[in-house]
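Observations on the model geometry
Chain residues, written in single-letter form:
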Amino acid sequence: MPPISRNQGCGVVSCWLISMRVLLLSTPHPLEESPLPPLSLSYLAAVLIQEGIEVKILDFLVTHYHPGKLRRELEEYQPQLVGATCVTLNYPIARRMLKVCKDFDPHIFTVIGGPHVTFAQEETLFQSPWIDAIVIGEGERTLVELVRAVAKGKDVHHVPGIAFADRNTVVKTPSRSLIEDLDQLPLPARELLPMARYRALGTPCTVITSRGCPYSCIFCSGHRMFGPRVRFRSPGLVVDEIEKLQRDFGLDKINIVDDTFTLNHNHTRAVCQEMLRRDLKLKWSVFARVDRISEDLAQLMNRAGCEWVLFGVESADEGILKTIKKGTTPEDVRRGVKIAAEAGINVFNSFILGLPGESRETAHKSLAFGDELYHKYGAKYGFHMLSPLPGTEIYERAEDYGIRIFSRNWARYNANEPITETATMSREMVKEAMSIYNRGIEAAWDNIKQRAKDGDAECAEIIEGKEKNEFVWALFQGDLIERLGGMASAGILNPGDAQAKLARRVSQRLGIDIGLTQRRIGELIARGVLQLESKGNGLRWRWTDRGQLKMASAIPAISCPA
Ligand code: B12
Ligand code: SF4
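Residues numbered from 1 in each chain as written. Chains lettered and ligands numbered in written order. Predicted model: local features only at pLDDT ≥ 70, side-chain atom pairs only at ≥ 80, totals over all residues. Heavy atoms only, no water.

Observations regarding the overall build of the protein chain
As a reminder of what qualifies: The numbering of helices and of strands both runs from the N terminus, where a helix is a DSSP run of H or I of at least 4 residues and a strand a run of E of at least 2. Both definitions apply: the radius of gyration is a C-alpha atom measure, and the globule rule equals 2.2 Å times residues to the power 0.38. Using a 1.4 Å probe on the protein chains alone, a residue whose accessible area is under 20% of its type maximum counts as buried, one over 50% counts as exposed, and one in between counts as partly exposed. Whether two residues are in contact is decided by their heavy atoms, any of which lying within 4.5 Å being enough. Areas reported as accessible are Shrake-Rupley estimates using a 1.4 Å probe. Residue values count occlusion only from the protein chains shown. Positive charge is attributed to Lys and Arg, negative charge to Asp and Glu, and no charge count is given to His or to the chain ends. Every charge is mapped onto a representative atom, which is NZ of Lys, CZ of Arg, CG of Asp or CD of Glu.
When helices and strands are tallied, the protein chain shows 21 helices and 22 strands. Taking 2.2 N^0.38 as the reference for a compact globule, 562 residues should give roughly 24 Å; the C-alpha atoms of the protein chain span a radius of gyration of 24 Å, in line with that estimate. Projected onto the principal axes, the alpha-carbon positions of the protein chain cover approximately 70 × 65 × 50 Å. Per-residue burial for the protein chain yields a buried fraction of 54% across its 562 residues. At a minimum sequence separation of 6, the contacts of the protein chain that also span at least 24 residues come to 70%. Roughly 24,300 Å² of accessible area belongs to the protein chain as shown, and the carbon and sulfur atoms make up 51% of that amount. Charge centroids of the protein chain, computed over 71 positive and 69 negative side chains, lie 3 Å from each other.

Structure below.
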């Protein structure tokens, strides 16, 4: 059997076992939704690689999406199968991206997966006849079998876990069982992602230590994606993965995105102890339930580097909490928040406005509760508006829950727009409650800005971090490094000249002060995410893209002083 060759330089893994080229696409969404390296595609790519299938990821979360760009990529890579991932709010873009692929070459087999399409099969397939198949739920094994079937020109009817349109009906193949032993999965192939760009943004990297959730909150589809039985990965393997992220990509912030990381205390303890044993020295954040945390566990988590815990509080109203099947009470919330905060972990409480039974009174109760926990424990909090997502009980039984849904435009399912109302809470009232929260946020920002002006270093750092992010995002959105980074070498005597030239161009394009632009670009260079390379008679700035520290130093390049 010939060896599998990994050409990490261009992010392509090639091999001769199955002659198929698979292109995986991540779908753009706004900066406010925190772009994080897509874990779905990294897992999917990893299993394809394991099976000897050639795969490439085109990550439109941190590069500007344009149909022409996708077409150029298709021209160059000539994939036979293209798969896109999305959630509800960016499903409309994902379907259009797959149309670009089908229009480019009708022979390309187009696939879509993720939590939206899993629960909106009919609509997706009827609305988008250019989508050949939906992969339902957990996708790793299904995608491998689908690729094999397509490679052999076989009928995909025999692949469990998919849905496709056949004339005027939707065919759903037998459901696929969940992966019993998650340790069998290879480590996510993040080397195919533009990790340097994520480092430039300073976002954490997502890691998962388990799949599944035994609770059944009616606004959530997470527990339906991976089932009610929780499957755990071995702590040793989880920490191997984290160590690799530190070693290969220089990442020092991790977001553990299990549905609820503290569900099984033995597992949580084992992961923390392994991190401590290997002395990882990194900061991480988790999602957890207020009723699944104890003093000793929180202290251990904090010692192991847990910096933030996000609790899904949802509402301060006991009746609403019951209706939504959260299984917690406001007292549980007070207790959980206190435990985490006293252990030295920062707490973020997340609320939803517009849940069944919501009224002006309950909404104000929640706002006051968020405030109370902030003042008592320093817990930050955020409010979102209800988006009844496909796959959730609230979507399927909206009428029973007294929820009126006003929009079927999925792009508006971003939890920042009022698209529902209850008998006692109109959309106007939801908006009004939200604006109270937003005014609080604005006031907090004004306060931070004022304190920064008065010399408070911590506040200055917060503002600096936000501005840096916006700067990097503007570079991505305008493809500015790609567009402005090329220059003739004549007249450039040293890397500093090239840096100054790039800064001048970027500053002009973005209308930002030249000194500030020069400094921001200098920081990106110093962090190894921007690099100058010589090409023929010219020079070109580029994102180090694959982001691997080892590789960055291996590429012959002119290094710039910071
Ligand atoms: C971490 C997380 C986040 C992170 C990072 C998201 C990210 N894009 O990486 C943050 C905090 C930023 C976030 C934000 C939001 N999230 Co979120 N998030 C999650 C969470 C907890 C884990 C996601 C994850 O990494 N899972 C692990 C990977 C391996 O699983 P996966 O992504 O589902 O992929 C598998 C399958 O879906 C399938 N698959 C997926 N894509 C594809 C593509 C192909 C081609 C194939 C074959 C298969 C396939 O195969 C994969 C491997 O098995 C899930 C809950 C959950 N249990 O999944 C919610 C979840 C995905 N989020 C959700 C929502 C609603 C949001 C927000 C809209 C929140 C908001 N503003 O209200 C934003 C949207 C941001 C965005 N566009 O992604 C919903 C999505 C439901 C929906 N229908 O849209 C979920 C399911 C939770 C819920 N409330 O029900 N989220
Ligand atoms: S909100 Fe959290 S606890 Fe509730 S079902 Fe979803 S993942 Fe589970």
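Anyway, onward from the coordinates.
Side note on the site of ligand 1
Here is the rule we go by: Here a residue is near a molecule or strand as soon as one of its heavy atoms is found within 4 Å of it. Any pair of N or O atoms that falls within 3.5 Å is considered a polar contact. Within protein, one atom must be able to donate a hydrogen and the other to accept it, and sequence-neighbouring residues count only if both atoms are side-chain atoms. When residues are sorted by character, Ala, Val, Leu, Ile, Met, Phe, Trp, Tyr, Cys and Pro go into the nonpolar class, Asp, Glu, Lys and Arg into the charged class, and all the rest, Gly among them, into the polar class.
The environment of ligand 1 is made up of 38 residues, and the closest members are Thr85, Thr88, Glu140, Ser221 and Asp259. Take Thr88: an N or O atom from its side chain is 2.7 Å from a nitrogen atom of ligand 1. Mapped by element, the contributors of at least two residues to the shell around ligand 1 are α1 (39–50), β5 (81–85), α4 (115–118), α6 (140–151) and α8 (222–226). Per-class residue counts for the shell around ligand 1 are 18 nonpolar, 15 polar and five charged.

Quick word on the packing of α1 against α6
Condition: Every angle, taken between N-to-C directions, lies between 0 and 180 degrees, and every axis is a line fitted to C-alpha atoms, over only the stretch in contact when it is a helix. Here is the rule for angles: anything less than 35 degrees is roughly parallel, anything more than 145 is roughly antiparallel, 65 through 115 is roughly perpendicular, and the remaining ranges are oblique. The sense of a crossing depends on the near helix, which, turned anticlockwise from the far helix by less than a right angle, makes the crossing left-handed and, turned clockwise, makes it right-handed.
Running from N to C, α1 and α6 cross one another at 50°; their axes reach a closest spacing of 9 Å. Our classification of the angle between α1 and α6 gives oblique. Crossing angle aside, the handedness with which α1 passes α6 is right-handed. Facing α1, whose interface residues are Tyr43, Leu44, Val47 and Leu48, α6 presents Glu140, Leu143, Val144 and Val147. A breakdown of the residues in the contact of α1 with α6 according to their chemical character gives seven nonpolar, no polar and one charged.

Re the packing of aromatic side chains
Heads up, the rule is: A pair of aromatic rings is counted whenever rings of Phe, Tyr or Trp (Trp by its six-membered ring) have centres within 6.5 Å, and the orientation is called stacked for planes under 30 degrees apart, edge-to-face for over 60 and tilted otherwise.
All chains considered together, the criterion is met by 12 aromatic pairs. Taken together, a centroid distance of 4.9 Å and an interplanar angle of 75° make the contact between Phe60 and Tyr65 edge-to-face. The pair Phe60 / Tyr65 is uniform in exposure class, with both members buried. Considering the side-chain rings of Trp410 and Tyr413, the 4.8 Å spacing of their centres and the 65° angle between planes classify their relative orientation as edge-to-face.

Overview of the sheet that holds strand β14 (residues 283–288)
Heads up, the condition is: Any two strands with at least two DSSP bridges between them are considered paired.
Reading across from one edge, β10-β13-β14-β15-β16-β17 is the order of the six strands in this open sheet, with parallel pairing throughout. The open sheet has two edge strands with one neighbour each: β10 (205–207) and β17 (380–385). Looking at each pair of strands side by side, their axes are set apart by 25° on average, direction ignored. Where strand β13 (residues 253–256) and β14 come together, four bridges link them in parallel fashion. When the sheet's bridge partners are listed, Asn255 is paired in β14 with Ser285. Seen against the sheet, helix α9 (residues 235–249) touches β10 and β13 and runs at an angle of roughly 170° to β10. Relative to β17, helix α16 (residues 427–453) is tilted by about 160°, and along the sheet it contacts β16 (346–353) and β17.

A word on the packing of helix α17 (residues 457–477) against helix α20 (residues 514–526)
Direction vectors running N to C along α17 and α20 enclose 85°, while the axes themselves pass 11 Å from each other. Relative to α20, α17 is oriented roughly perpendicular. Between α17, through Glu464, Glu467, Lys468, Phe471, Val472 and Leu475, and α20, the contact on the second element is made entirely by Thr517, Arg519, Arg520, Ile521, Glu523 and Leu524.

Some points on the site of ligand 2
Around ligand 2, the structure places Cys213, Tyr215, Cys217, Phe219, Cys220, His223, Asp259, Arg289 and Lys326. The residue makeup of the shell around ligand 2, split by class, is five nonpolar, one polar and three charged.

A closer look at helix α11 (residues 295–303)
A turn of α-helix holds 3.6 residues, and therefore any two residues three or four places apart point the same way. The criterion, for reference: The arc in question is the one traced by the directions running from the helix axis out to the C-beta atoms.
Considered for burial, the residues of α11 that qualify are Leu297, Ala298, Leu300 and Met301. For α11, the buried positions fall inside an angular range of 160° around the axis, keeping them on one side. Where α11 is buried, its residues contact α10 (265–277), β14, β15 (306–314) and α13 (330–342). The positive-phi residue at the C-terminal boundary of α11 is Gly305, with phi of around 110°.

As for the environment of Leu484
Within the secondary structure layout, Leu484 lies in helix α18 (residues 480–484). In this structure, the C-alpha to C-alpha distance between Leu484 and Trp541, residues 57 residues apart in sequence, is 8.3 Å. Look past the residues within four positions of Leu484 in its chain and what remains in contact with it is Leu502, Arg505, Val506 and Arg509.

Some thoughts on the pairing of β17
The condition is simple: Every crossover in which the path from the first strand over the helix to the second runs clockwise, viewed with the strands pointing away from the viewer, is termed right-handed.
Pairing geometry for β16 and β17, over six bridges, is parallel. Pairing of Phe348 across the sheet is with Lys380, part of β17. Each parallel crossover has a hand, and the one from β16 via helix α14 (residues 360–377) to β17 is right-handed.

Quick notes on the pattern of salt bridges
Basically, it comes down to this: The salt bridge definition used is simple: a Lys or Arg side-chain nitrogen within 4 Å of an Asp or Glu carboxyl oxygen.
Per the stated rule, a full pass over the model turns up 45 salt bridges. In this structure, Arg211 and Glu138 form a salt bridge, with 2.8 Å as the shortest nitrogen-oxygen distance. You can see Arg211 sitting in strand β11 (residues 210–211) and its partner Glu138 sitting in the loop between β7 (133–135) and α6, a full 73 residues away along the chain. You'll find Arg211 and Glu138 in the same group, each marked buried. With a shortest N-O distance of 2.9 Å, Asp248 and Lys244 are connected by a salt bridge. Of this pair, Asp248 and Lys244 both sit in helix α9, separated by four residues, roughly a single helical turn. The exposure class of Asp248 is buried, given its relative accessible area of 3%. On the basis of relative accessible area, Lys244 is assigned to the partly exposed category, the value being 27%.

A few points about the sheet that holds strand β21 (residues 530–535)
In space, the three strands of this open sheet follow the order β20-β22-β21, with antiparallel pairing throughout. In this open sheet, the two edge strands, each paired with only one partner strand, are β20 (486–488) and β21. Neighbour to neighbour, the strand axes of the sheet diverge by 25° on average, direction disregarded. Two strands pair when backbone bridges link them, and β20 and strand β22 (residues 538–543) are joined in this way by three bridges, in the antiparallel orientation. Across the sheet, Gly486 pairs through a bridge with Arg540, a residue of β22.

A look at the nonpolar core
Condition: We define a nonpolar core as any set of buried Ala, Val, Leu, Ile, Met, Phe, Trp, Tyr and Cys residues linked to one another through side-chain atoms lying within 4.5 Å.
Ranked by internal contacts, the top residues of the largest apolar core, which has 121 residues, are Trp284 and Phe311. Broken down by element, the residue count for this core peaks at nine residues, all from α1. Those residues within four positions of Trp284 in sequence are excluded, and the remaining contacts are Ile254, Ile256, Phe261, Cys272, Met275, Met301, Ala304, Gly305, Cys306, Glu307 and Trp308. Ranked by size, the runner-up nonpolar core spans 29 residues in total, among them Leu25, Leu74, Ala84 and Leu98.

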